[in-house]
Every structure is written in C-alpha cells, then in structure tokens.
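Observations on chain architecture
Here is what each chain is made of, one letter per residue.
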Amino acid sequence: MLTAAKPEFLKAYWDNSFDLKNHIQEFLQIDRHTLETRIQESNQAMTKLGQNFDWEMAIEFYRDQVGATYILELAAWHLKSCDYIGNMLHLIADFAKGRVLDFGGGIGTHSFAAALCPNVTEVQYLDVNPINCNFVLERSEKLGLSDKIQVTSKLEIDNSFDTIMCFDVMEHLPDPISQLIEFHKLLSSDGKLLINWYFSKGFGNEYPFHLDDTAIVKYFFQTLQSHFLEVFHPHLITTRCYQKL
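Before going into details, it helps to say that this report is about the structure given with it.

Cut-off values and rules
- Residues numbered from 1 in each chain as written.
- Predicted model: local features only at pLDDT ≥ 70, side-chain atom pairs only at ≥ 80, totals over all residues.
- Heavy atoms only, no water.
- Helix = DSSP H or I, 4+ residues; strand = E, 2+ residues; numbered from the N terminus.
- Contact = heavy atoms within 4.5 Å.
- Axes fitted to C-alpha atoms, helices over the stretch in contact; angles between N-to-C directions.
- Parallel < 35°, antiparallel > 145°, perpendicular 65-115°, else oblique.
- Salt bridge = Lys/Arg side-chain N within 4 Å of Asp/Glu carboxyl O.
- Buried < 20%, exposed > 50% of the residue type's maximum accessible area, 1.4 Å probe, protein only.
- Arc of directions from axis to C-beta.
- Polar contact = N/O pair within 3.5 Å; in protein donor to acceptor, adjacent residues only side chain to side chain.

1. Notes on the side chain of Gln179
- When you line up the elements, Gln179 lands in helix 9 (residues 176-186).
- The residues contacting Gln179, other than those within four sequence positions of it, are Phe103, Met170 and Leu173.

2. Focus on the packing of helix 2 (residues 20-28) against helix 3 (residues 32-49)
- In contact at an axis separation of 10 Å, helix 2 and helix 3 are set at 105 degrees when each is read in the N-to-C sense. Taken together, the axis directions place helix 2 and helix 3 in an arrangement best described as roughly perpendicular. Here helix 2 contributes Lys21, Asn22, Ile24, Gln25 and Leu28 to the contact with helix 3, which in turn contributes Arg32, Leu35, Glu36 and Arg38.

3. Quick look at the pattern of salt bridges
- Taken as a whole and judged by the stated rule, the model has eight salt bridges.
- Of the charged contacts in the structure, one is a salt bridge between Arg63 and Asp64, with a shortest N-O distance of 3.0 Å.
- Two residues, Arg99 and Glu122, come together in a salt bridge whose shortest N-O distance is 3.4 Å. Of this pair, Arg99 sits in strand 1 (residues 98-103) while Glu122 sits in strand 2 (residues 120-126), and the two are 23 residues apart along the sequence.

4. Quick look at helix 4 (residues 58-65)
- Those residues of helix 4 lying buried are Ala58, Phe61 and Tyr62. For helix 4, the arc enclosing every buried residue in end-on projection is 85 degrees, short of the 170-degree limit, so these residues lie on one face.
- Looking at the buried residues of helix 4, the elements they touch are helix 3 and helix 5 (69-80).

5. Re the side chain of His210
- Mapped onto the fold, His210 is located in the loop between strand 5 (187-195) and helix 10 (214-227).
- Among the residues examined, His210 registers a relative accessible area of 5% and is labelled buried.
- A distance of 2.9 Å separates the side chain of His210 from the backbone oxygen of Ser200, its partner in a polar contact.
- Setting aside residues no more than four positions away along its own chain, His210 makes contact with Trp55, Glu171, His172, Tyr198, Ser200 and Lys201.

6. Some details on helix 7 (residues 109-116)
- The buried fraction of helix 7 amounts to seven of the eight residues, a majority that puts the element mostly inside the structure.
- Restricting attention to buried positions, one finds in helix 7 the residues Thr109, His110, Ser111, Phe112, Ala113, Ala114 and Ala115.

7. A look at the environment of Val217
- Locating Val217 in the fold gives a position in helix 10.
- Spatially, the C-alpha atom of Val217 lies 27 Å from that of His90, the residues being 127 residues apart in sequence.
- Sequence-distant contacts of Val217, defined by excluding residues within four places in its chain, comprise Phe199 and Asp212.

8. Section: unusual backbone geometry
- Notably, Gln29 is not glycine yet its phi reads approximately 55 degrees, a positive angle.
- Among the structural elements, Gln29 can be located in the loop between helix 2 and helix 3.

Just geometry here; none of it tells us what the structure is for.
Here's what the structure looks like:
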C-alpha cells in the first residue's frame, strides 16, 4: 500500500524520534542500560501507579505522582509505534498553521513536529506535569526550537489558536466534554482541531486511569458532532481532523 511521502522538514523524527533516547538519558542522568530497562518496565510501572486512581484527584495524579515514569512510558509508546505516530505527524504537516496549541503535550513529539512546519508561526506546549514541561523545555533548546515553542502548565483562556492538537489526552480527563467546548471557543473560525481518544481501560485493565464511563463517552460524541465537522484525511490512523460548526 502506498503511503504519503515523508516531509523532509520532519526527517529528524524518522531518524531517531527527535533524538529521544539521548534526550531522556541526559535529562534523567542515567546510563544507557538503565534507560533501556526502565523504558521496558515503564508500562507496568504506570499501571501499578494507577491501581488506586481517583478521578477526583486526576490532575494531582498527573502533576504530582507519575514523576519521570510517565516520560518513560510515553517514550516506550512512541518508540514502538514509530510508523503510527509518524502518520500523526503527516497529519500535522498537512493541517498545522499559525498559532498552535499542543494540549497535554507529553514528551513534546507533536510540538516539535508542528514547530518545524513551514506554515506554523508559534507553538504553545501545555502540560500539567512539571517534569514533562522541564523535559520539553530542555529538548526544545537542544533541537533549536526554543524560539518557536512556548512551554507552559497554564492555558490563557483569552488566547485563540489556528490549530489545536490533542493526542491521547481526552481519556485522561474527568470531563472531556467541557474540554471539547473549550477547544471550540479557543479555535479560530477557520482553524483545525487534530484529536484522538481511547476511552478504554484496555483488555487487562492496563490503563486504570482511562475514562470508560458509557454515559460520558456517549455525551462526548454528541458534543463533538454538534460543535465540529470532520475533515477527511487519507492517513490510516485513529486521529481525526475537525473544523468548527
């Protein structure tokens, strides 16, 4: 099956995921063997952290409890899903422009891709985890993108964005419906929302911190359909593109 040609300006992603392993090793100040071991064990470590997950303390969980374990778990996912996430970067390259918000930006992969897109003027990376923020701030400097990426843990609600990216985040929120409505307010009239979700705790409860409430998920899709119109894209991924209704 034919796939889209890889944009030359995103070559660093396909080379080494924006030098991810070296960046983590330097940030955590650990040797390579320890890094590889901790990446391999990160999914189980996150599952263990989430066994007593309390939705009323969701923000505190991601801000204060997950620590560097979340960086390692996200790294494991990005490294083993290189082609899948690569297609997400294709989507960013296709649609990202102007002012970009990366909501819940994690280890920064999507922010870096957006910042490298020729039609993007600035990227606001947003994450509640201070360790993630420090990591992405350091990575931005190493990649020469610090002038284009603003790292923050607080969203200014009077801002407007031409592109909003929200990848693998909605299922971590206690109220994803309110966040959808907020995205609608923040998005410019001709802007694009790039978003995905995974409302499941997995096949063996490996994601105890994922929302899977049937009633909330149903209302989420009703809200999505009443506020946004899907824009077709040809990439074989779960991520979707929307414009405002």
